[in-house]
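A structural walkthrough
These are the residues of each chain, in order.
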Amino acid sequence: MSERAEVLIAGGGVAGLALASALGRALGPSFAIAISDPALASPPPADDRVSAIAAGARRLLRSVGAWQRLNEAQPIREMVITDSWLENVVRPEFLSFEGEIAEGEPFAHLVENRALNRALREVAAEAGVRLLATTVEEFEIEREAIEGRLSDGTRVRARLLVAADGARSKLRGQAGIATVSWSYGQLGMVATIAHEREHQGRAEEHFLPGGPFAILPLVGKRCSIVWTEPEAEAERLLRLPAAAFHDELERRFGLKLGEIEVVSKPSAHRIEFSMARRFVADRLALLGDAAHVVHPIAGQGLNLGLRDAAALAECITDAARLGLDPGAPDVLERYERWRRFDTLTMGIATDGLNRLFSNRSDALRFVRDVGLGIVDRLPALKDFFVGEAAGLTGEVPKLLKGEAL
Amino acid sequence: MVKAESYAKTTVDPAEVARFTALADQWWDPRGKMRPLHRFNPVRLAYIRDRICAHFGRDPKSLDCLQGLRILDVGCGGGLVCEPLARLGASVVGIDPGAANIAAARLHAEKSGLAIDYRVAAAEELADAGERFDVLLALEVVEHVADVGLFVRRCAEMVKPGALMIVATLNRTLKSFALAIVGAEYVLRWLPVGTHRWEKFVAPDELEAALAAGGLSVVDETGVVYNPFADEWRRGDDMDVNYLVTATKSY
C-alpha cells in the first residue's frame with residue numbers, strides 16, 4: 001500500500017507532535033502531514049519526568065492550542081542556584097532569578113511530560129494530522145520525493161521526512177549522519193516528592209560535587225527531583241532500603257519544606273551528550289533528540305526540541321506558501337543554519353556547567369563562585385541568561401515569539 | 001489536458017526525451033548550474049504572490065491563493081516560476097522560444113503532477129491570437145528582447161482590463177555593471193560569461209514609459225538585494241541592480 005504526504009514525521013514525541021500540530025494549523029488540511037510512532041497505539045505511558053517549559057516554548061505550545069489543554073502547569077516564580085558540598089550546612093545562594101521575563105509571564109513552567117504528550121496528540125489530530133501507530137523502518141530517496149517504509153508494510157511518499165525518532169535515531173544512521181557524543185558517566189535519578197510546606201514556586205538547583213541536584217516545583221505540595229550522581233554511586237543509592245534512601249535524599253533536599261516523602265519509585269536515566277554533525281540530509285531533517293542530546297543540567301533538552309519544531313515549521317510553511325518544495329535543499333539549509341548555532345551554544349554551555357560544577361576542586365569552586373556572583377550583580381548579563389534559558393535570544397522563530405505562522 | 005497532447009507532438013525520439021530529461025534535471029537541480037536562480041526564486045515568487053493577492057483581495061497565507069487566476073509567464077525556461085504558481089491554484093500558461101526548455105518544463109510538470117500549458121512561442125504569437133490574462137509575468141526577459149517598447153506593448157495587449165503585469169529585470173547603472181556583469185559572470189561564475197549585455201539593461205523610467213505606452217500604470221516597485229554573507233536575496237529600496245515592477249491596466 002502506498003500513501004502520499006507532504007511531510008512524514010517519524011517519532012511521536014513532544015517535538016514531532018509540536019511540529020505536526022504547528023504545520024497542520026498553519027497550512028490546513030490540503031497539506032497532508034503524517035506522524036508515525038508505535039507508541040501512538042496507546043495513551044502516553046506513565047512517566048515521572050517533568051519538563052521546565054521555557055517562555056518561548058510555551059508560546060509555541062499556546063499558539064498550537066496545546067498549552068490551554070494542560071490542567072496543571074506550575075510556574076517557576078523564583079530560581080535559586082547554589083554551589084555547595086554536601087557537608088555544608090548553609091548553602092550560599094550565588095545566583096537567584098526572579099521568575100518573570102515579561103509582566104505576568106514566568107520564564108518557565110513545570111509540566112508533566114505525559115500530560116504534554118497527551119495534549120499535543122489531541123491538537124495534532126484536530127489539526128488533521130494523520131497519526132499512524134507504526135514505525136518508519138527505513139527510507140528511500142528519489143529526486144522529487146522520499147519514501148518511508150513503515151513496519152506495517154505501508155509506504156508513504158513524502159516531500160520531506162523528519163527524523164524525530166530520538167537520541168538513537170535509526171533514520172539518522174541510515175542517512176549516514178554521524179554524531180559527536182559522549183557519556184557523562186552520570187545517572188539522573190528522577191522521582192516525585194511530596195512535602196509538608198508550600199514551595200511557593202521556587203525551583204532550586206544545587207551544584208553538588210557528584211552532580212547537580214534539582215528541585216522542580218509541581219502543582220500542589222509536590223516537587224520533582226532530578227538527582228545526578230556518578231553511575232556507581234547512583235546505583236548504590238537506588239539499591240538502598242527505602243529508609244536509607246530517604247535519609248540520603250533529605251541530606252540533599254534539605255528541611256525547608258518540612259517532612260518529605262518519595263511518592264514514586266525513582267527511575268534512573270543515563271546522561272549523555274550527543275550532537276549530530278549535520279541536521280539535514282537529502283529530503284531529511286533531524287528534530288529534537290535525534291539532532292542533539294544535551295546535559296539536563298539546565299533543563300533545556302525538551303525546549304531545544306520545541307525550538308527546532310518552531311524553526312522547521314516556519315521554514316516549511318514559508319516554502320509551501322510560495323508553492324515551493326518543502327523538502328528542497330534550500331529550505332533544509334535554512335533550518336540547519338537557524339538551529340545549529342543555538343543548539344551548539346546550549347550544548348557547550350550545559351557541558352561546561354557540568355564540568356565546572358561536578359567536582360571537588362577548591363580552585364574551580366572559587367572561579368565559579370566569583371563568576372556566578374558577577375552574573376548575579378549585573379542585571380544586563382542576568383537578563384541575557386534568563387532570555388537564553390527562555391529561548392528568546394537571536395533571530396527568534398515566530399512561534400516562539402507567540403506570533404502565528 | 002493540453003499537456004498530454006502537445007507532449008505527444010514533441011517527443012517522438014527517445015534520444016530527444018533523454019536529452020530533455022537531462023535538461024529538466026539541470027533546470028531543477030537546486031545544487032547544480034541553476035543554483036543562483038533557485039536562490040533568487042523565493043524572493044521573486046514572494047513578491048509576485050503578494051502583489052497578486054493584494055490586487056485581487058486574496059489571502060497570501062492560503063495554499064490556493066491564486067485559484068482561478070489565468071497567468072502567463074513569458075520566457076518561462078524550465079518552469080521554475082510556473083510550477084509554484086500552478087501549485088498555488090493558478091491556471092498557468094508558460095511560453096519560451098526554446099523548444100528544449102519547453103520540453104524539459106513539460107516533463108517536469110508531469111512528474112510533479114501539475115497541469116501547465118507550456119508552449120514554444122513568442123509573446124507576439126499569443127497577442128495575435130487574442131489571448132487574455134489576469135496576470136502577465138515578464139521575469140528577466142526585457143533585458144534580452146530586441147525592442148523593449150514593442151515587447152512591452154504586445155504584452156500589455158494581453159493584460160485584461162483591471163489586471164496585472166509584473167516585470168523583473170536589471171537596471172543599467174555602474175553598480176549593476178559591477179555586480180551583474182563583472183561579479184555574477186566573471187567573478188562568481190554564477191552565469192556563463194555573455195549571459196547579459198549591460199547596454200541592454202533597462203532603467204526603471206524607461207520601463208515605466210514603455211508600460212505607460214501600453215496603457216499600464218506602475219503601482220509598485222521594489223529592489224532586490226543580495227546579501228553575500230547570508231547567501232540570501234531580500235526585497236529592499238535599492239533598485240540599482242535587480243528590481244521588480246507591478247503595473248495595472250485601467251478599465
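Residues numbered from 1 in each chain as written. Chains lettered and ligands numbered in written order. Predicted model: local features only at pLDDT ≥ 70, side-chain atom pairs only at ≥ 80, totals over all residues. Heavy atoms only, no water.

1. A few points about the overall build of chain A
Each helix and strand in chain A was counted, giving 10 helices and 24 strands. The burial tally for chain A puts 56% of its 405 residues in the buried class. Considering only contacts within chain A whose residues lie at least 6 apart along the sequence, 74% involve residues at least 24 apart. When the accessible area of chain A is evaluated, it comes to approximately 16,400 Å², of which 54% is carbon and sulfur surface. (Helix = DSSP H or I, 4+ residues; strand = E, 2+ residues; numbered from the N terminus. Buried < 20%, exposed > 50% of the residue type's maximum accessible area, 1.4 Å probe, protein only. Contact = heavy atoms within 4.5 Å. Areas by Shrake-Rupley, 256 points an atom, 1.4 Å probe, with all protein chains shown as cover.)

2. What about the interface of chain A and chain B?
At the interface, 18 residues of chain A touch 21 residues of chain B. For the chain A and chain B pair, buried surface summed over both sides reaches about 1,800 Å², with 47% attributable to carbon and sulfur atoms. Viewed at the interface, chain B and chain A are joined by four salt bridges. R337 of chain A serves as the salt-bridge partner of E232 of chain B, at 4.0 Å between the closest nitrogen and oxygen. Take the side of chain A that touches chain B: its biggest share by element is four residues, from helix α8 (residues 329-357) of chain A. Among the residues forming the side of chain A that touches chain B, the class breakdown is eight nonpolar, two polar and eight charged. (Buried area = accessible area lost by both parts, 1.4 Å probe. Salt bridge = Lys/Arg side-chain N within 4 Å of Asp/Glu carboxyl O. Nonpolar A, V, L, I, M, F, W, Y, C, P; charged D, E, K, R; others polar.)

3. Describing the environment of W227 of chain A
All names here are of chain A. Mapped onto the secondary structure, W227 falls in strand β19 (residues 222-230). For W227, a relative accessible area of 1% translates into the label buried. Put simply, W227 and L216 are 11 residues apart on the chain and 11 Å apart in space, counted from C-alpha to C-alpha. Among all residues touching W227, those that are not within four sequence positions of it are L187, G188, M189, P212, F213, L237, F245, E248, L249 and R252. For W227, the side chain forms a polar contact with the side chain of E229, separated by 2.9 Å. (Polar contact = N/O pair within 3.5 Å; in protein donor to acceptor, adjacent residues only side chain to side chain.)

4. Looking at helix α9 (residues 204-213) of chain B
Residues and elements named next belong to chain B. Listed as buried for α9 are P204, L207, A210 and L211. Take α9 and look down its axis: the buried residues cluster within an arc of 125°, on one side only. Along α9, the residues that are exposed and aim more than 90 degrees away from the buried face are D205 and A213. Buried residues in α9 make contact with α7 (148-157), β5 (159-170), β6 (216-227) and β8 (242-249). (Arc of directions from axis to C-beta.)

5. Quick word on the sheet that holds strand β2 (residues 91-96) of chain B
Residues and elements named next belong to chain B. Within the open sheet, the eight strands sit side by side as β3-β2-β1-β4-β5-β8-β6-β7. Their pairing is mixed. Of all the strands in the sheet, just β3 (117-120) and β7 (232-236) have a single pairing partner and so form its edges. Shown here is a sheet whose adjacent strand axes are inclined to one another by a mean of 20°, direction ignored. Sitting on the sheet, helix α5 (residues 99-112) is in contact with β2 and β3, with an inclination near 165° to β3. (Pairing = 2+ DSSP bridges. Axes fitted to C-alpha atoms, helices over the stretch in contact; angles between N-to-C directions.)

6. Digging into the packing of aromatic side chains
Pairs of aromatic rings are described using the distance from one ring centre to the other and the angle between the two planes. Residue and element names in this part refer to chain A. All chains considered together, the criterion is met by six aromatic pairs over all chains. Between W182 and F273, the ring centres sit 4.2 Å apart and the planes meet at 10°, which makes this aromatic pair stacked. You can see W182 sitting in strand β16 (residues 179-195) and its partner F273 sitting in strand β21 (residues 267-276), a full 91 residues away along the chain. You can call F273 buried: its relative accessible area is 5%. An angle of 40° between the planes, with centres 5.4 Å apart, marks the rings of W227 and F245 as tilted. In this pair, W227 is assigned in strand β19 and F245 in helix α6 (residues 242-253), connecting sequence segments 18 residues apart. (Phe/Tyr/Trp six-rings, centres within 6.5 Å; stacked < 30°, edge-to-face > 60°.)

7. A closer look at a nonpolar patch on the surface
Residues and elements named next belong to chain B. A surface patch of nonpolar side chains, about 540 Å² in accessible area, is lined by F177, V182, Y186, V187, L188 and V193. Within the secondary structure, L188 is located in the loop between α8 (174-187) and α9. For L188, a relative accessible area of 47% puts it in the partly exposed group. (Patch = residues over 30% accessible without salt bridge, like charges linked within 9 Å, V, L, I, M, F, W, Y side chains within 5 Å.)

8. Comments concerning the nonpolar core
One finds I9, L19, L61, L120, L161, L287 and Y335 of chain A to be the most contacted residues of the largest nonpolar core, which totals 82 residues. Core analysis: the next-biggest nonpolar cluster, separate from the first, contains 36 residues, I52, I102, Y118 and L137 of chain B among them. (Core = buried A, V, L, I, M, F, W, Y, C linked by side-chain atoms within 4.5 Å.)

9. A look at the pairing of strand β2 (residues 7-10) of chain A
Residues and elements named next belong to chain A. Of the two faces of β2, the one lined by V7 and I9 and the one lined by L8 and A10 are each fully buried. Here β2 pairs with strand β3 (residues 33-36) via four bridges, running parallel. Among the inter-strand pairings, I9 is bridged to a residue of β3, identified as I35. Regarding the hand of the β-α-β motif, the stretch spanning β2, helix α1 (residues 14-27) and β3 is right-handed. Examined bridge by bridge, β2 and strand β15 (residues 160-163) share four bridges and lie parallel to one another. The partner of A10 across the bridge, within β15, is A163. (Right-handed = clockwise from strand over helix to strand, strands pointing away.)

10. Some words on the pairing of strand β10 (residues 108-112) of chain A
Residue and element names in this part refer to chain A. Counting buried positions along β10 yields four of five residues, so the element is predominantly enclosed. In terms of strand pairing, strand β4 (residues 50-54) meets β10 through five bridges, oriented antiparallel. When the sheet's bridge partners are listed, A52 is paired in β10 with L110. In this structure, strand β5 (residues 74-75) lies alongside β10, joined through two bridges in antiparallel fashion. Looking at β10, one finds that P75 is bridged to H109.

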